[in-house]
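Chain residues, written in single-letter form:
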Amino acid sequence: MNHSPNLRPATASRSTALKGRVRVPGDKSISHRSLMLGGLAAGETRVTGLLEGEDVIRTASAMRAMGAQIDRQDGVWIIQGAGNGCLLEPVEPLDFGNAGTGVRLTMGLVGSYDMKTSFIGDASLSKRPMGRVLDPLRQIGTQILEAAPGDRLPLTMRGPVRPVPITYRVPMASAQVKSAVLLAGLNAPGITTVIEPVMTRDHTEKMLAGFGAAIEVETDADGVRHIRLEGRGKLTGQTIAVPGDPSSAAFPLVAALLVPGSDILIENALMNPTRTGLILTLQEMGADIEIQNERSEGGEGVADLRVRHSQLKGVTVPPERAPTMIDEYPVLAVAAAFAEGETVMLGLEELRVKESDRLAAVARGLELNCVDCTEGETTLSVRGRPGGKGYGRAQAGGAVETHLDHRIAMAFLVMGLAAEHPVSVDDCGIIATSFPEFMDLMGSLGAEIRTAETAGAGA
Ligand code: S3P
């Protein structure tokens, strides 16, 4: 089924050994937060390594529309912030395109302002649930003036004249919900407390501390995190170097593991432990991933990853690991398709509400390309075939439906590099939301990926 008039199909074919050294673009989560907190803080924030993908550019536009001045000079993003508590009412609806993180965090940011803000997005974002962020906002006094059924976009809200700081226990493992509540707390007097039973990526907490917010995190005897933020404090502009996105690094990484003879180096990948579940899982599967040159940059651990082709074996991925690799399941499922034995992935309920229903999208894509798998309500099992014999259906005219989901597109293009027959996806345009350099970067390693344009150019 076509979901956009501008689909750009692409096909990946079995490739010879991938070789070379690459740097993946900046981390998406940290990039969004840099623009938001930089746009809010007093004074100047300078950001290098920002991800210049469509999602992040939408956040820059939203912050501009609320009073921040944001310019790019020689690759450095220079932000003059509005000052905490001083955002302006945007004149037009804020258009977040495909970006769930952008829209949900911004809803938090403006939810405690006595102003009217409207949010719109693309077909994928308009299907995603916003209630998880609106529920805590309603408790601080935010009114939802208009919303599509099920608390979906397009949506208009108005914050209260007097926001109430709340204590909120996050009911699902979601860094977006945690972050939205904390950002709302920045403009509420007193202490906002977020109780996080399952730890998720902690970039918001770290960055708030870096900008000078009064924030403390305590982990109790049961491992539950209590995050306390004092509202209405001063935030001061910072200098930020955004490390490479491990969720983008995942694609060349798995490609190198699957394509025989490969040996690549991925430089400057973020190694925050809330983001490294994929590396751990692949190492358990027998992957040859060497973590080199570990260092700390701007308060985050980074490293270079040397990755060599490996014969993988199936494992069970425990549910408690899901938050540390939540965006990596599509490409892990592809890796599992080439492993010996069965890989069982548990605790995947959150995959149902990503840019697509990722659990279903992955299972349909695997089935289309002749991989033996079983989709459960919150689980996925993949029975692999080392060497990928018989995999791939592009010649029979079958293209994986990406449903406006960048990670589905990239995961299945990676599959095609090692499958016996080519693998096609119905759209690669959506990849620009998070990884605009994907095609060029993969091509520089030797990956055979064609679009209608490159085929037409006789490449
Ligand atoms: C993100 C949190 C995760 C992740 C998303 C980025 C963030 O979403 O999937 O890509 O930057 O906070 P959830 O909060 O829905 O788990």
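Note that the structure is a prediction, hence the values are computed from the model and not measured.

Thresholds applied
Residues numbered from 1 in each chain as written. Predicted model: local features only at pLDDT ≥ 70, side-chain atom pairs only at ≥ 80, totals over all residues. Heavy atoms only, no water. Salt bridge = Lys/Arg side-chain N within 4 Å of Asp/Glu carboxyl O. Helix = DSSP H or I, 4+ residues; strand = E, 2+ residues; numbered from the N terminus. Buried < 20%, exposed > 50% of the residue type's maximum accessible area, 1.4 Å probe, protein only. Domains from an automatic or database assignment. Contact = heavy atoms within 4.5 Å. Buried area = accessible area lost by both parts, 1.4 Å probe. Polar contact = N/O pair within 3.5 Å; in protein donor to acceptor, adjacent residues only side chain to side chain. Nonpolar A, V, L, I, M, F, W, Y, C, P; charged D, E, K, R; others polar. Pairing = 2+ DSSP bridges. Axes fitted to C-alpha atoms, helices over the stretch in contact; angles between N-to-C directions. Near = heavy atom within 4 Å. Areas by Shrake-Rupley, 256 points an atom, 1.4 Å probe, with all protein chains shown as cover. Phe/Tyr/Trp six-rings, centres within 6.5 Å; stacked < 30°, edge-to-face > 60°. Core = buried A, V, L, I, M, F, W, Y, C linked by side-chain atoms within 4.5 Å.

S.K.: Looking at this structure, how should I read the pattern of salt bridges?
M.R.: As a working rule, side chains carrying opposite charge can pair if their charged atoms are close by. Going through the model one piece at a time under the given rule, you end up with 41 salt bridges. A salt bridge links glutamate 196 to arginine 225; its shortest N-O distance comes to 2.7 Å. Of this pair, glutamate 196 sits in strand 11 (residues 191-196) while arginine 225 sits in strand 13 (residues 225-230), and the two are 29 residues apart along the sequence. For arginine 225, a relative accessible area of 7% puts it in the buried group. Residues arginine 321 and glutamate 284 are paired through a salt bridge, measuring 2.9 Å at the closest nitrogen-oxygen approach. In this pair, arginine 321 is assigned in the loop between strand 18 (316-317) and helix 10 (329-337) and glutamate 284 in helix 9 (residues 277-284), connecting sequence segments 37 residues apart. The structure contains a network of salt bridges with shared partners spanning Arg128, Arg201, Asp327, Glu355, Arg358, Asp405 and Arg407.

S.K.: Please clarify how the domain arrangement of the protein chain should be interpreted in this entry.
M.R.: For interface size, the figure often reported is the accessible area lost on association. Domain boundaries in the protein chain define domain 1 (10-23 + 248-456) and domain 2 (28-241). Look at where the C-alpha atoms of domain 1 and domain 2 centre, and you get two points 29 Å apart. Taken together, the contact pairs 22 residues of domain 1 with 24 residues of domain 2. Surface buried jointly by domain 1 and domain 2 totals about 1900 Å² across both partners, of which 49% is contributed by carbon and sulfur atoms. Applying the counting criterion to the domain 1 and domain 2 interface returns four salt bridges. One salt bridge connects aspartate 327 with arginine 201, and the closest N-O pair in it is separated by 3.6 Å. Joining domain 1 to domain 2, the criterion identifies 13 residue pairs in polar contact (both at pLDDT 80 or more). Partitioning the side of domain 1 that touches domain 2 into residue classes produces eight nonpolar, seven polar and seven charged.

S.K.: Help me out: how do you make sense of the sheet that holds strand 13 in this one?
M.R.: Neighbouring strands of a sheet are bound in pairs by backbone hydrogen bonds; such pairs are parallel or else antiparallel. If you trace the four strands from one edge of the open sheet to the other, you get 10-11-13-12, paired in mixed fashion. Where the open sheet ends on each side, the last strands, each with one partner, are strand 10 (167-169) and strand 12 (215-219). Each strand of the sheet is rotated relative to its neighbour by a mean of 15°, with strand direction disregarded. Of the pairings in the sheet, the one linking strand 12 to strand 13 comprises five bridges and is antiparallel in character. Counterpart to threonine 219 in the pairing with strand 13 is arginine 225. Helix-sheet contacts for helix 6 (residues 175-185) involve strand 10, strand 11 and strand 13, and the interaxial angle to strand 11 is about 170°.

S.K.: Before we go on, may I ask you to explain helix 12 (residues 406-416) in this structure?
M.R.: Counting along an α-helix, one turn takes 3.6 residues, and residues three or four places apart therefore face a common direction. Within helix 12, eleven of the eleven residues are buried, leaving the element largely enclosed by the surrounding structure. Taken as a whole, helix 12 has its buried residues at His406, Arg407, Ile408, Ala409, Met410, Ala411, Phe412, Leu413, Val414, Met415 and Gly416.

S.K.: Could you clarify how one ought to interpret the site of the ligand in this entry?
M.R.: Neighbouring the ligand are Ser29, Arg33, Thr101, Ala173, Ser174, Ala175, Gln176, Arg201, Ile326, Asp327 and Lys354. At 2.7 Å from an oxygen atom of the ligand is found a side-chain nitrogen or oxygen belonging to serine 29. Here an oxygen atom of the ligand and a side-chain polar atom of aspartate 327 are 2.7 Å apart. When the free accessible area of the ligand is taken as 390 Å², the share hidden by the protein chains comes to 95%. The set of elements that each furnish at least two residues to the shell around the ligand consists of helix 1 (28-40) and helix 6. In terms of domain composition, the shell around the ligand takes at least three residues from each of domain 1 (10-23 + 248-456) and domain 2 (28-241).

S.K.: Any chance you could explain the packing of aromatic side chains here in plain terms?
M.R.: Think of a pair of aromatic rings as described by two things: how far the centres are apart, and how the planes are tilted against each other in angle. Applying the stated rule across the entire model yields four aromatic pairs. Ring plane angle 90° and centroid distance 5.4 Å describe the contact between phenylalanine 338 and tyrosine 391, whose orientation is recorded as edge-to-face. Placement of the pair is phenylalanine 338 in the loop between helix 10 and strand 19 (341-345) and tyrosine 391 in the loop between strand 21 (380-384) and strand 22 (399-400), with a sequence separation of 53 residues. Each member of the pair, phenylalanine 338 as well as tyrosine 391, carries the same accessibility label: buried.

S.K.: So what exactly am I meant to see when it comes to the nonpolar core here?
M.R.: Generally speaking, a soluble globular protein has its nonpolar side chains buried in company with each other. Leu282, Tyr329, Met345 and Val382 are the most contacted members of the largest nonpolar core, which totals 82 residues. Considering each element in turn, this core owes the most residues, nine residues, to helix 8 (residues 246-258). With 60 residues, the next largest nonpolar core counts Trp77, Tyr113, Val177 and Leu270 among its residues.

S.K.: Explain the side chain of threonine 324 to me, please; I cannot follow it from the model alone.
M.R.: Tracing the chain through its elements places threonine 324 in the loop between strand 18 and helix 10. Overall, the relative accessible area of 19% leaves threonine 324 in the buried class. From its side chain, threonine 324 meets the backbone oxygen of arginine 321 in a polar contact 2.7 Å long. Look past the residues within four positions of threonine 324 in its chain and what remains in contact with it is Pro273, Thr274, Arg275, Thr276, Gly277 and Leu278.

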